[in-house]
Amino acid sequence: MHGNMMDRPLLVSSIIDHAATTHPHTEIVSRLCEGDIHRYTIKDAATRSKKLANALIKRNISQGDRIATLAWNTHRHYELYYGVAGMGAIAHTINPRLFPEQLVYIINHAEDRWLFVDLTFLPLLEAIKDKITKVEQFVILTDDSHLPETSLPNVISYESLIADESEQFEWPEFDEKQAAFLCYTSGTTGNPKGVLYSHRSTVIHAMASIATDALGISEKSCLLPVVPMFHVNAWGTPFSSAIVGAKMVFPGPGMDGASIWELVDSEQPDLLLGVPTVWLMLLNHMDEIGKKLNSVQNVVVGGSAAPLSMIQRFDEQHDAFLIHAWGMTEMSPIGTINNFTPAMRSMSKDARYSLQLKQGRPCYGVEMKIVDDANQALIHDGKAFGHLMVRGPWITNGYYLNDDRSSFVDGWFDTGDVATIDPDNYLSLVDRAKDVIKSGGEWISSIDLENAAIGHPDLQECCVIGVAHEKWDERPLLLAIKTADSTATADDVKNYLSDKIAKWWMPDDVVFVDSLPHTATGKLLKIDLRKQYQDYLMP
Ligand code: AMP
């Protein structure tokens, strides 16, 4: 027997409608590419999202069409989230840190009809414009007075697009399982894979993340998400903040310590969210100027492991609690969160810090288990480690137009991470199963780098590993065996790679070795090399 309750769909548009009626005066503050600080209210954002929806419909954009964005965290990107998804099209957020071939691949694979781009990223598009010929319209996220010269065809400014549109718009109602957002994984090997979030998954994920013991967001909160809207929807904060009416501060292109501090000082956020690299820059800046992050109570750190020194520095120098979190593109992205608990109150500092090093416990909605190579469940004793498997209503069940099912096993998703789970259900990540290198919260594929380097005529075998780096957490180090009599230098190899890989993928150094260790099946054995070279780039 079914229950007797109303079957109202969970749509992204219902969030902005609720926010505009219940929290109309809540502020949204943005640093813009044009240089100035913009401020308005959620009600203004809702109105402009409706103008955008009207503009898209007038120009024949239909439900299900892919509309791409290549943009920083700003109020205009926020309006795109709601305007595009709200009218039933799919907002495809593009990560500008992908290298050009990957940008071409995902724009063509998604068959994006329109592309909204921030001024900063115009050169990226100009360089690939001849390869993305299916995009019908480019919209530059600025007004006519800031419209630059560009070689892109069919360009208009965002402000002129929406200027004359009506503020009246009824968000359409449709199946909550309809797609709302498309985000491609940064990829380990091969082409990036698209994860297609539904309205339902987006709304449920946002609701779950709000809980006091999850991110703990309320109307009293002021969030500064440095985590980008161009990847995994800024951890859902554009939705969670709107549900409760929390103030949002968008940093735009200013990710450096001084720019973030300027916004913290002027807007007084209590909750910061981002990857470790960003917080390292902020902490170093605060040391330089000798000031304290007074308003900040919590700093959510995810994307890469939060180091002990960061947990300590936030606590001891800024009285801020570091909330360690783990998730991934395929999980919308939040999986586990390590917020303050009553048990931590009675712990010694050292005991608390070592608990904070773990990635936390799952939000309600996420189930986890670890399994061995034969897919047998392992014990949750905090010691046994295995492949981390997850399932839940905001976890993907397949990739967009891609029939690779290798990560989907008996209704569970194989995260590709190797982890332990303790008896209290705290997750602790051991390694990425596939040796991927994490640099500034972004992925670098060691295999792609090896494949590029091995093309050098003087190199016999190459192995790329991630080694610790003071600023970027990890950077790639290339170990290579030269052919006999070769006189190639590290710089020669780097020059060779320079037009084959994204600039930020360039190995920090090339070390020539006589031999490389292998597993029994002939694969490179990287664990020992990582240990050996761990501190190679450290001062
Ligand atoms: P992405 O899909 O780009 O968000 O990357 C997801 C991957 O980042 C995860 O599968 C982990 O390997 C890694 N990751 C995310 N959060 C953490 C964390 N807190 N500690 C260590 N690795 C993390």
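Everything discussed here concerns the structure shown above.
Attention here is on the structure that accompanies the text. Here the structure is a predicted model, which means the values were calculated and not measured.

1. Quick look at the overall build of the protein
Phase 1 of the analysis: Check the secondary structure of the protein and you find 16 helices and 26 strands.
Phase 2 of the analysis: Rg of the C-alpha trace for the protein: 23 Å, near the compact-globule value of 24 Å for 539 residues, within the 12% margin.
Phase 3 of the analysis: The contacts of the protein with a sequence gap of at least 6 include a subset with a gap of at least 24, amounting to 67%.
Phase 4 of the analysis: Just so you have it, the protein exposes about 22,500 Å², and 49% of that area is on carbon and sulfur atoms.
Phase 5 of the analysis: Of the charged side chains in the protein, 46 are positive and 70 negative, and the gap between their average positions amounts to 3 Å.

2. Examining the nonpolar core
Phase 1 of the analysis: Residues Tyr78, Phe116 and Phe181 are the most contacted members of the largest nonpolar core, which totals 88 residues.
Phase 2 of the analysis: Residue contributions to this core peak at seven residues, all from helix α2 (residues 42-58).
Phase 3 of the analysis: Every residue in contact with Tyr78, bar those within four places of it in the chain, is listed here: Ile16, Ile28, Ile42, Ala45, Met229, Pro238, Ala242 and Phe250.
Phase 4 of the analysis: If you look at the next biggest cluster of nonpolar residues, it comprises 55 residues, including Ile140, Val275, Leu282 and Met310.

3. A closer look at the site of the ligand
Phase 1 of the analysis: Taken together, 16 residues are adjacent to the ligand, and Ala325, Thr329, Gln359, Asp417 and Lys438 come closest.
Phase 2 of the analysis: A distance of 2.8 Å is found between a nitrogen atom of the ligand and a backbone nitrogen or oxygen belonging to Ala325.
Phase 3 of the analysis: Lys438 places a polar side-chain atom, nitrogen or oxygen, 3.0 Å from an oxygen atom of the ligand.
Phase 4 of the analysis: Protein coverage of the free-state accessible area of the ligand, which is 500 Å², stands at 92%.

4. Description of unusual backbone geometry
Phase 1 of the analysis: Look at the link from Ser332 to Pro333: it is a cis peptide, with omega at 10°.
Phase 2 of the analysis: Relative to the elements of secondary structure, Pro333 occurs in the loop between β14 (321-327) and β15 (334-338).
Phase 3 of the analysis: Positive phi outside glycine occurs at Val232, with the angle close to 45°.
Phase 4 of the analysis: Mapped onto the elements of the fold, Val232 is located in the loop between β10 (222-225) and α8 (237-244).
Phase 5 of the analysis: The backbone of Trp235 shows a phi angle near 55°, a positive value even though the residue is not glycine.

5. Let's talk about the sheet that holds strand β25 (residues 473-482)
Phase 1 of the analysis: If you walk across this open sheet you meet the three strands as β24-β25-β26, and the pairing is mixed. Strand pairing shows two members of the sheet lacking a second neighbour, β24 (459-469) and β26 (509-512), which therefore form its edges. Strand after strand, the sheet turns through a mean of 30° between neighbouring axes, direction not considered.
Phase 2 of the analysis: The sheet contact formed by β25 and β26 spans four bridges and is parallel. By the bridge assignment, Leu478 is partnered in β26 with Val510.

6. Points about the environment of Ala53
Phase 1 of the analysis: Its location among the elements puts Ala53 in helix α2.
Phase 2 of the analysis: Measuring from C-alpha to C-alpha, the distance between Ala53 and Leu80 comes to 8.8 Å, with 27 residues separating the pair along the chain.
Phase 3 of the analysis: When residues no more than four places from it in sequence are discounted, the contact partners of Ala53 are Gly83, Met87, Phe169 and Trp171.

7. Focus: the pattern of salt bridges
Phase 1 of the analysis: In this structure the tally under the stated criterion is 27 salt bridges.
Phase 2 of the analysis: Its salt-bridge partner being Glu367, residue Arg391 comes within 3.1 Å of it at the nearest N-O pair. In this pair, Arg391 sits in strand β18 (residues 386-391) while Glu367 sits in strand β17 (residues 367-371), placing the two residues 24 residues apart along the sequence.
Phase 3 of the analysis: Residue Arg391 is classed as partly exposed on the basis of its relative accessible area of 32%.
Phase 4 of the analysis: A salt bridge links Lys526 to Glu450; its shortest N-O distance comes to 3.0 Å. Within this pair, whereas Lys526 is found in helix α16 (residues 526-533), its partner Glu450 is found in helix α14 (residues 446-453), the two being separated by 76 residues in sequence.

8. What about the pairing of strand β3 (residues 66-70)?
Phase 1 of the analysis: Across the five residues of β3, five count as buried, placing the element largely inside the fold.
Phase 2 of the analysis: Burial of β3 is two-sided: the residues Arg66, Ala68 and Leu70 facing one way and the residues Ile67 and Thr69 facing the other way are all buried.
Phase 3 of the analysis: Across four bridges, the pairing between β3 and strand β4 (residues 90-93) is parallel. If you follow Ile67 over to β4, its bridge partner there is Ala91.
Phase 4 of the analysis: In this fold, β3 hands off to helix α3 (residues 75-86), which returns the chain to β4; that crossover is right-handed.
Phase 5 of the analysis: Sheet topology note: the β3/strand β5 (residues 114-117) ladder contains four bridges and is parallel. Residue pairing in the sheet places Ala68 in a bridge with Leu115 of β5.

9. Some thoughts on the environment of Val467
Phase 1 of the analysis: Structurally, Val467 can be placed in strand β24.
Phase 2 of the analysis: Judged by its relative accessible area of 1%, Val467 falls in the buried class.
Phase 3 of the analysis: Taking C-alpha positions, Val467 is 6.9 Å from Asp535, a pair spaced 68 residues apart along the chain.
Phase 4 of the analysis: Every residue in contact with Val467, bar those within four places of it in the chain, is listed here: Asp473, Glu474, Arg475, Leu477, Tyr533, Gln534 and Leu537.

10. Some remarks on the packing of helix α1 (residues 12-22) against α8
What describes two packed helices is the angle between their axes and the distance between those same axes.
Phase 1 of the analysis: At a closest axis distance of 8 Å, the pairing of α1 and α8 adopts a crossing angle of 40°. In terms of their interaxial angle, α1 and α8 are classed as oblique. As α1 runs across α8, the sense of the crossing is left-handed. Contacts between α1 and α8 involve Val12, Ile15, His18 and Ala19 on the former and, on the latter, Phe239, Ala242 and Ile243.
Phase 2 of the analysis: For the contact of α1 with α8, the per-class residue count stands at six nonpolar, one polar and no charged.

About the cut-offs
- Residues numbered from 1 in each chain as written.
- Predicted model: local features only at pLDDT ≥ 70, side-chain atom pairs only at ≥ 80, totals over all residues.
- Heavy atoms only, no water.
- Helix = DSSP H or I, 4+ residues; strand = E, 2+ residues; numbered from the N terminus.
- Rg over C-alpha atoms; globule rule 2.2 N^0.38 Å.
- Contact = heavy atoms within 4.5 Å.
- Areas by Shrake-Rupley, 256 points an atom, 1.4 Å probe, with all protein chains shown as cover.
- Lys, Arg positive; Asp, Glu negative; His and termini not counted.
- Charge placed at Lys NZ, Arg CZ, Asp CG, Glu CD.
- Core = buried A, V, L, I, M, F, W, Y, C linked by side-chain atoms within 4.5 Å.
- Buried < 20%, exposed > 50% of the residue type's maximum accessible area, 1.4 Å probe, protein only.
- Near = heavy atom within 4 Å.
- Polar contact = N/O pair within 3.5 Å; in protein donor to acceptor, adjacent residues only side chain to side chain.
- Pairing = 2+ DSSP bridges.
- Axes fitted to C-alpha atoms, helices over the stretch in contact; angles between N-to-C directions.
- Salt bridge = Lys/Arg side-chain N within 4 Å of Asp/Glu carboxyl O.
- Right-handed = clockwise from strand over helix to strand, strands pointing away.
- Parallel < 35°, antiparallel > 145°, perpendicular 65-115°, else oblique.
- Left-handed = near helix turned anticlockwise from the far one by under 90°.
- Nonpolar A, V, L, I, M, F, W, Y, C, P; charged D, E, K, R; others polar.

So yeah, pure geometry; function would need other evidence.
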